[in-house]
Amino acid sequence: MVRPDGDSSAEVELGKIIPVLMSGGAGTRLWPLSRRARPKQFHRLGGERSLIQDTALRLTGEMFARPVVICAAAHADLARAQLAEAGVPPAAILTEPAPRNTAAAAVAAAAFGAASDPDALMVLMHADNLVADVAALHRAIEAGREAAVAGDIVLLGLRPAGPATIYGYIRAEGEGPARKVASFVEKPDLETARRFVADPDYSWNGGMFLFRAGAFLDEARRLAPEVARAAEAGLAGAARHGDVVALGPAFLQAPSVAVDVAIMERTGRARVVEADIGWADVGNWRALWELSAKTERGDVMDGEVIAVDSSGCLARTDGPVVVLAGVEDLVVVVENGVVLVTRKDAPGAPRAAVEAVRKAGREDLL
């Protein structure tokens, strides 16, 4: 791949898949841990490394080139430092002047890859998810390679762990390792989700894509021309400093739309590969509690936490001692001068708290 400073003498890693780590979003459901200056992908959530570090590390090996990161300009130094610490320095960091949702980010990444090699394969992953079975992830990517080389856009269809109503679903049809996508269903009700889980044709849509850079770009130009024009113009007008490619102001003209809506639900080239990889979104405090190691009484504790007759709680602190006494099913988070206390069964409460803090004029806490 040509280096982002334009040095064409850089070695092209022929035949390797370029990982693209999409590192946007504020993660308000995990506030006050996740904030604008340091959203959840840059935090350690139950492991030794941050989520973005784990994402980069699971996309290493002979199959993969060095990763490309797309993130906010304010996070470029943090992304570089964390990936370097993990031993996976990025090949480039594309920075957005402002977030324009996943369609514009995906098109900008595809255009960046296609500028060096239109036939380069790219795998797009959100930087803030968990994957328990990395070997299964690699097998799923390999299973989709032939279809991606042929010009299809391959999604990794995640095997549902249960009848979740907070995720979108993909319905597949036909035979083979990369089956044709028949339809997308966005966040069904519980009864419908139960039917989907019992049907092997359905899988969760976790927003993981494998494609040939030029083929994806062609579909974007055809199906989402406004997004494609703005993203490509943003790349053409980018300021390049070392490994940072700062997308130009034209990028802001892109409609704010998800890649599923702009492209995937409209293309006839969508394929899906089954991926039983132990995926988790870690989208709220209850989800983190469910995924974390617990005490005998079901508490999850991180930092200086003392528990007395408590059960089913999640408590984490970056300094002050937290004491849980005679309480159940609470979330207590102390982070950078803010204390959040809420019920574990109220996943929307942190987002409401963010709005209340904003209305109180305390943008400094966000």
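On a predicted model such as this, the values are computed, not experimentally measured, just so you know.

(A) Representation of the pairing of strand 8 (residues 179–185). By the bridge criterion, five bridges tie strand 7 (residues 168–173) to strand 8 in an arrangement that is antiparallel. Across the sheet, the residue bridging to Arg 171 is Ser 183, located in strand 8. Taken together, strand 7 and the strand that follows it, strand 8, pair antiparallel across an intervening segment of five residues, in which Gly 174 is found at a positive phi of about 85°. Relative to strand 12 (residues 270–275), strand 8 runs antiparallel, the two being bridged by two bridges. Counted as the bridge partner of Arg 179 is Val 272 from strand 12.

(B) Inspection of the sheet that holds strand 16 (residues 314–317) at higher detail. One open sheet accounts for four strands, arranged 14-16-18-19; its pairing is mixed. A strand with exactly one partner marks an edge of an open sheet, and here the two such strands are strand 14 (300–302) and strand 19 (338–343). Looking at each pair of strands side by side, their axes are set apart by 5° on average, direction ignored. Where strand 16 meets strand 18 (residues 330–335), four bridges bridge the pair, whose relative direction is parallel. Of the residues in strand 18, the one forming a bridge with Thr 317 is Val 334.

(C) Focus on the environment of Val 354. Tracing the backbone shows Val 354 in helix 10 (residues 349–359). Residue Val 354 is classed as buried on the basis of its relative accessible area, which comes to 4%. Val 354 has contacts with Thr 28, Trp 31 and Leu 366, leaving out every residue within four places of it along the chain.

(D) Main features of the side chain of Ser 50. The residue Ser 50 is located in the loop between strand 1 (18–23) and helix 1 (51–57) in this model. Non-local contacts of Ser 50, meaning those with residues more than four positions away in its chain, are made with Gln 41, Phe 42, His 43, Arg 44 and Gln 82.

(E) How the structure looks around the packing of helix 3 (residues 101–116) against helix 6 (residues 213–223). Interaxial distance between helix 3 and helix 6 falls to 8 Å at its minimum, and their mutual angle equals 135°. Considering the angle they form, helix 3 stands oblique to helix 6. Viewed along their axes, helix 3 and helix 6 form a crossing whose handedness is left-handed. On the side of helix 3, the interface is formed by Ala 106, Val 107, Ala 110, Ala 111, Gly 113 and Ala 114, while helix 6 contributes Ala 213, Gly 214, Phe 216, Leu 217 and Ala 220.

(F) Quick look at the confidence of the model for the protein chain. Overall, the predicted model of the protein chain reaches an average pLDDT of 93, with 96% of residues at or above 70. No element of the protein chain has a lower mean pLDDT than strand 13 (residues 279–280), at 92, and none a higher one than helix 7 (residues 225–236), at 98. Below a pLDDT of 50 lies the segment residues 1–12, which in the model reaches 23 contacts outside its immediate sequence neighbourhood of four places, other chains included.

(G) Structural detail: the packing of helix 6 against helix 7. Where helix 6 contacts helix 7, the two axes come as close as 5 Å, and the packing angle between them is 125°. When the axis of helix 6 is compared with that of helix 7, the two are oblique. For the pair helix 6 and helix 7, the contacting residues are Leu 217, Ala 220, Arg 221, Arg 222 and Leu 223 in the first and Pro 225, Ala 228 and Glu 232 in the second. Of the residues assigned to the contact of helix 6 with helix 7, the class counts are five nonpolar, no polar and three charged.

(H) Quick peek at empty space enclosed by the protein. Considering all chains together, one arrives at one cavity of 30 Å³ or more under this definition. Taken as a whole, the largest cavity holds about 30 Å³ of empty space. For the largest cavity, the full set of lining residues is Gly 168, Tyr 169, Phe 184, Val 185, Glu 186, Asn 205 and Glu 265. Elements with a minimum of two residues in the lining of the largest cavity: strand 7 and strand 8.

(I) Seen up close, the pairing of strand 16. A two-sided burial pattern is seen for strand 16, the buried positions comprising Leu 314 and Arg 316 on one face and Ala 315 and Thr 317 on the other. Here strand 14 runs beside strand 16; their pairing, made up of three bridges, is parallel. Pairing of Val 300 across the sheet is with Leu 314, part of strand 16.

(J) Structural view of the side chain of His 43. Tracing the chain through its elements places His 43 in the loop between strand 1 and helix 1. On the accessibility criterion, His 43 (8% relative accessible area) is buried. Separated by 3.0 Å, the side chain of His 43 and the backbone oxygen of Leu 33 make a polar contact.

(K) Layout of unusual backbone geometry. The peptide bond linking Trp 31 to Pro 32 adopts the cis configuration, its omega dihedral lying at 10°. Inspection of the secondary structure puts Pro 32 in the loop between strand 1 and helix 1. Unlike most non-glycine residues, Val 282 shows phi in positive territory, near 50°. By the secondary structure assignment, Val 282 is in the loop between strand 13 and helix 9 (285–291).

Basis of the calculations
Residues numbered from 1 in each chain as written. Predicted model: local features only at pLDDT ≥ 70, side-chain atom pairs only at ≥ 80, totals over all residues. Heavy atoms only, no water. Pairing = 2+ DSSP bridges. Helix = DSSP H or I, 4+ residues; strand = E, 2+ residues; numbered from the N terminus. Axes fitted to C-alpha atoms, helices over the stretch in contact; angles between N-to-C directions. Buried < 20%, exposed > 50% of the residue type's maximum accessible area, 1.4 Å probe, protein only. Contact = heavy atoms within 4.5 Å. Parallel < 35°, antiparallel > 145°, perpendicular 65-115°, else oblique. Left-handed = near helix turned anticlockwise from the far one by under 90°. pLDDT = per-residue confidence, 0-100. Nonpolar A, V, L, I, M, F, W, Y, C, P; charged D, E, K, R; others polar. 1 Å grid on protein atoms, 1.4 Å probe; cavity = no way out; pocket = protein on both sides within 12 Å on 5 of 7 lines; lining within 4 Å. Points joined across faces, edges and corners; volume = space filled by probe spheres on them. Polar contact = N/O pair within 3.5 Å; in protein donor to acceptor, adjacent residues only side chain to side chain.

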